[in-house]
Structures are given as structure tokens and as C-alpha cells.
Amino acid sequence: MKIREIIGALEQFAPLSLQDEYDNAGLQIGLTEDADASGALLCLDVTEDVIDEAAALGCNLIVAHHPLLFRPPRHITGEDYVQRCIIRAIQRGIWIYSAHTNLDNAPGGVSWRMAERLGLQDVRVLKSAAQDGAGAGVIGILPEPMEREDFIALVKETFDADSVRYNSWTGERVQRVALCGGAGAFLAGEAIRQQADVFLTGEIGYHRFFGYENDIQLIEIGHYESEQYTIGLLRDILAQACPTLPLHETTVETNPINYL
């Protein structure tokens, strides 16, 4: 199977036209000419260890959620991990592809996978984009109302979060849940407008926790924790579209944040 065919399958599910304006999704490293794929390693983040893992597995393609090349490098001298990854990938003949905010915004994308893990029903896009079914975040319903503390405990367990941060909220029970993978704080207002009881995301930020105590339960679980199931989503997309392609999920821990 050609690498261009694999990229085509990814972009059929998550077209690059769906990526946010600031983003840099798509083919990051690799020649545009035809090349056969020996296997694909799936990950959230590209690091030197991930590239080594791909080489050890005999994979010449890495499919990541977060772009390695987010801002244009001014030079390539190996002085930081991005530059070293570029050098290492080229030396080892490894293509790198990123499906980032286009995968966030695609119907059935990252936030949908989070909702599935929580068992939400009647899930729909929270903030719609121009394309049918596409947009940022999702909103859905729990099968039964839950006490606030019980729901927070469910979130912590579901996303294997070492810590969960949440605001003071005057409500007591949760049923309508809005959520967004990654840094989704910009959707909190939309969640309130759609009468969600809770808004869950990876990153909120200190100052954004103020002022919502009468409106909504805010829950922040960590960027990595909110997107960890994206690797399974990528596997599902490629396993269906490219059934002969050897697929591997990284075993490298790429979360840069440690907890004590």
C-alpha cells in the first residue's frame, strides 16, 4: 500500500479543510513521490523515542495527532527536540503525518471518542462548522442524572487522570454534558448557551475558572488525558480503510507533564 493512499484515507475522514486557521496538519516530513508503507506507528506526539520505536518496528510512517512542525523552524541544527526529530526521521526514511484540529472538528472525531468513553447519548456537535456534522466539541446526555461528585469521580476514572481540577458550582446533579478534547475553554460559553450542566476539557486555565459558579460545572483533566483515546480513533480509521496495513500504537509515554 502506498503512503499517499493512507494519507488519502485519513483526509477522507478528516479533510484538511476542517483544520483551524492557526494549525499545521497534514504531511510534515516525507517526499511527495510514491512510496510503499511498511507499517504505521500511531501516537499523540512525535518525539525522538517515538521515531526510534517506529524504526525498531519497521514502520516508515508515523501518524500523530499533534504536529511536530507547528511553527516553522528557523534552522535545523539539532539544538531542540523538534530539530533532532526532523533530522532523525529523514535519516531513517520515516514519513510523519499529523491529523490535528481537522480530526478534532471532523464528524466522529476526538470529542466524539471522549463522549463514547463516558457513555453519553444523543451526541451532537457543540459548535457547528460549515460542513455538515463538523465542528468543535460535542454535547450529549448521560443515561441517568448523576450527583456532581459521582460524575467527577467517573471522569477521573474514565480518563485515568492523576488529578482533576473543577470550579465551585451551585448545582448538584449532572446530566447534560458538553466536552472538547485538548484546549477547549473557548467553548465554555457555548456550553452554557446550550444549557449543559458541565463542560469538560483538557485545558481551561486559572482565570477562566472565575465567574461560572452559577452557570456550569467546569472540569479540567489535562490535555494529554483528554486526547489519549485519539490513538484508538486513528487505528479504527486506518484499520477499516487500509486493512492490510500493519498498525502499531506507541508504547512511549509522551505526556510531558508529571504529577507528584
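None of the values given here were measured: they were computed from a predicted structure.

Enquirer: Would you mind going over the pairing of strand β10 (residues 217–220) with me for this structure?
Expert: Put simply, side chains in a regular strand alternate between the two faces of the sheet. Along β10, one buried face is formed by Q217 and I219 and the opposite face, lined by L218 and E220, is buried too. When strand β9 (residues 198–201) meets β10, the two strands line up parallel, connected through four bridges. Bridge pairing links F199 to L218 in β10.

Enquirer: So what exactly am I meant to see when it comes to helix α5 (residues 110–118) here?
Expert: Residue pairs spaced three or four apart in an α-helix point in one direction, given the helix's 3.6 residues per turn. Within α5, burial applies to V110, S111, R113, M114, A115 and L118. Looking at the residues trailing α5, positive phi occurs at G119, about 75°.

Enquirer: Just to check I follow, could you spell out the sheet that holds strand β7 (residues 165–166) for this structure?
Expert: In sheet architecture, strand pairing relies on hydrogen bonds along the backbone and comes in two forms, parallel and antiparallel. Taken in spatial order, the six strands of this open sheet run β5-β6-β8-β9-β10-β7, and their pairing is mixed. One side of each edge strand has no neighbouring strand; the edge strands of this open sheet are β5 (121–128) and β7. Note: strand β6 (residues 135–147) against strand β8 (residues 173–180), six bridges, orientation antiparallel. Following the sheet pairing, E147 is matched in β8 by R173. In the packing of α5 onto the sheet, the strands contacted are β5, β6, β8 and β9, and the crossing angle to β8 comes to about 155°. Across the sheet, helix α6 (residues 148–158) is in contact with β6, β7, β8, β9 and β10; its angle to β6 comes to roughly 125°.

Enquirer: Explanation requested: helix α3 (residues 81–91) in the structure shown.
Expert: Every buried residue belonging to α3 is among V82, Q83, C85, I86 and A89, and all of these are buried. One side of α3 carries all its buried residues, which in axial view fall inside an arc of 160°. In this structure, the buried residues of α3 make contact with β1 (26–29), α2 (48–57) and β4 (95–98).

Enquirer: Explain the side chain of D23 to me, please; I cannot follow it from the model alone.
Expert: Of note, D23 is situated in the loop between α1 (3–13) and β1. Here D23 is buried and forms no salt bridge, its nearest opposite-charge partner R71 lying at an N-O distance of 10.0 Å. In terms of polar contacts, D23 uses its side chain to reach the side chain of H100, at 2.8 Å. Looking at D23, its side chain comes within polar contact range of the side chain of T101, at 2.5 Å.

Enquirer: Before we go on, may I ask you to explain the nonpolar core in this structure?
Expert: Side chains of nonpolar character tend, in soluble globular proteins, to be buried together. Judged by nonpolar contacts, the single largest core of 29 residues is most densely connected at I6, L10, L61, V63, L103 and L238. For this core, the elements supplying multiple residues, two or more each, are α1, β2 (40–43), β3 (61–64), β4 and α9 (230–241). If sequence neighbours within four positions are ignored, I6 has contacts with M1, A37, L61, L238, C242 and L245. Counting 21 residues, the second-largest nonpolar core is a separate cluster that includes L118, I152, A161 and I221.

Conventions and cut-offs
- Residues numbered from 1 in each chain as written.
- Predicted model: local features only at pLDDT ≥ 70, side-chain atom pairs only at ≥ 80, totals over all residues.
- Heavy atoms only, no water.
- Buried < 20%, exposed > 50% of the residue type's maximum accessible area, 1.4 Å probe, protein only.
- Helix = DSSP H or I, 4+ residues; strand = E, 2+ residues; numbered from the N terminus.
- Pairing = 2+ DSSP bridges.
- Contact = heavy atoms within 4.5 Å.
- Axes fitted to C-alpha atoms, helices over the stretch in contact; angles between N-to-C directions.
- Arc of directions from axis to C-beta.
- Lys, Arg positive; Asp, Glu negative; His and termini not counted.
- Salt bridge = Lys/Arg side-chain N within 4 Å of Asp/Glu carboxyl O.
- Polar contact = N/O pair within 3.5 Å; in protein donor to acceptor, adjacent residues only side chain to side chain.
- Core = buried A, V, L, I, M, F, W, Y, C linked by side-chain atoms within 4.5 Å.

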